[in-house]
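# Examining the three-dimensional arrangement
Listed here are the chains, written in short residue letters.
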Amino acid sequence: MPPTPVSPAHAPARASLESGPILLRWQGDVAVVTLNRPDKLNSFTRDMHRALVQALDHAEAGGARALLLTGAGRGFCAGQDLADLDFTPGHATDLGELIDTWFNPLVRRLQAMPLPVIAAVNGTAAGAGANLALACDMVLAARSASFIQAFVKIGLVPDSGGTWLLPKRLGMARALGLAMTGDKLSAEEAEKWGLIWETMDDPLLMEQAMALATHLAAQPTRALAAIKQSMHASATNTFDAQLDLERDLQRQLGQSHDYNEGVNAFLEKRAPHFKGA
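These figures come from a predicted structure and were not determined experimentally.

## Section: the nonpolar core
The biggest cluster of nonpolar side chains holds 51 residues, and the ones touching the most others in it are Ile-22, Leu-35, Phe-44, Leu-67, Phe-76, Val-121 and Phe-147. Here this core takes 6 residues from helix H1 (residues 46–61), the largest share from any one element. The contact partners of Val-121, leaving out residues within four places of it in the chain, are Phe-76, Ala-133, Val-139, Leu-140, Ala-141, Ala-142, Ala-145, Phe-147 and Leu-205. By size, the runner-up hydrophobic cluster in this structure holds 18 residues, among which are Ile-118, Leu-216, Ala-217 and Leu-224.

So, in structure tokens, the structure goes:
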């Protein structure tokens, strides 16, 4: 039996963030999150991390069915703001603690969110900023955008999932080449290599990204979440374990409102109206 639709009076409240290092606005069921330190190429500080956690909390609490992540100004994100670190001898910032407290929970959360997460890369995505974008489910990029594994330039290793994502998507030769040289990879080359979903002319980026997010927000959200879960699990599962996971997820989805709606819409030759339930 399909669940009773939630009435507008009982719909979750949708908070917005209209100022600060992170902005959050709503367009229908799409939560649009903007990294908002354009004068610093949206590089991360601890305060920015805290604000982003708050925005993601608001998006989930507000019942978002898709999330669109982008950057303000001429860049997507330049990674960590070095001005937010302490370089005093004997008191230098513990980078492992910084990663463990902020960056790793962030990329884990994006991958685990039970809704599609789209990155609209509007300019430079460097260091952790590049891997933040790549941790999203789909990446659209402006033609002028670029991806830079800049860590080696300051004697570091790619973090925020970079050493896992790059070999999986590109193969070892290209992953090592990008990481060891720190060279800029253009958006068009990133698309050709299969690192991102699509590249487009700069003026079209947000329009196309919003169109994709709006489309995904109207799809069966639980099925999209299960697709994410199963695809990520395949990296470590055996074939037999993956078959079992597919079976279990299909059993759950077969009891959902959206499965019933999809089947009925097909039989009745009409467009389905999914509710994400």
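## Things to note about the pairing of strand S3 (residues 66–71)
Summarising burial for S3: 6 of the 6 residues are buried, a large majority. Burial along S3 is two-sided: the residues Ala-66, Leu-68 and Thr-70 and Leu-67, Leu-69 and Gly-71 are all buried. In this structure, strand S2 (residues 30–35) lies alongside S3, joined through 6 bridges in parallel fashion. In the sheet register, Leu-35 faces S3, and the bridge partner there is Gly-71.

## Here we look at the packing of helix H4 (residues 162–170) against helix H5 (residues 172–181)
Axis separation between H4 and H5 bottoms out at 7 Å; the angle between their running directions is 135 degrees. As judged from the angle between their axes, H4 and H5 are oblique. The two elements H4 and H5 cross, and the hand of that crossing is right-handed. Residues Leu-166, Pro-167 and Leu-170 of H4 form the contact with H5, whose own contacting residues are Met-172, Arg-174, Ala-175 and Leu-178. Here the contact of H4 with H5 is composed, by residue class, of 6 nonpolar, no polar and 1 charged.

## Here's the deal with H5
Inspection of H5 places Ala-175, Leu-178 and Ala-179 among the buried residues, and these make up the whole buried set. Looking straight down H5, one finds its buried side chains confined to an arc of 95 degrees; they lie on one side. Seen from the buried face of H5, the exposed residues on the opposite side, beyond 90 degrees, are Ala-173 and Met-180. Structurally, H5 contributes buried residues whose contacts are with H4 and strand S9 (184–186).

## Focus on the confidence of the model for the protein
Averaged over all residues, the pLDDT of the protein is 95; the fraction at 70 or higher stands at 96%. For residues 1–8, every residue scores under 50 in pLDDT, and the model assigns this stretch 5 contacts once sequence neighbours within four places are set aside.

## A look at the environment of Ala-211
Secondary-structure assignment places Ala-211 in helix H7 (residues 205–217). A relative accessible area of 42% places Ala-211 in the partly exposed class.

## Let's talk about the layout of surface pockets
There is about 630 Å³ of room inside the largest pocket. Breaking the lining of the largest pocket down by element, the ones donating at least two residues are strand S7 (138–142), H4 and helix H8 (221–233). For the lining of the largest pocket, the element with the highest residue contribution is H8, accounting for 5 residues. The residue inventory of the lining of the largest pocket, partitioned by class, reads 14 nonpolar, 4 polar and 4 charged.

Reading guide: rules and limits
Residues numbered from 1 in each chain as written. Predicted model: local features only at pLDDT ≥ 70, side-chain atom pairs only at ≥ 80, totals over all residues. Heavy atoms only, no water. Core = buried A, V, L, I, M, F, W, Y, C linked by side-chain atoms within 4.5 Å. Buried < 20%, exposed > 50% of the residue type's maximum accessible area, 1.4 Å probe, protein only. Helix = DSSP H or I, 4+ residues; strand = E, 2+ residues; numbered from the N terminus. Contact = heavy atoms within 4.5 Å. Pairing = 2+ DSSP bridges. Axes fitted to C-alpha atoms, helices over the stretch in contact; angles between N-to-C directions. Parallel < 35°, antiparallel > 145°, perpendicular 65-115°, else oblique. Left-handed = near helix turned anticlockwise from the far one by under 90°. Nonpolar A, V, L, I, M, F, W, Y, C, P; charged D, E, K, R; others polar. Arc of directions from axis to C-beta. pLDDT = per-residue confidence, 0-100. 1 Å grid on protein atoms, 1.4 Å probe; cavity = no way out; pocket = protein on both sides within 12 Å on 5 of 7 lines; lining within 4 Å. Points joined across faces, edges and corners; volume = space filled by probe spheres on them.

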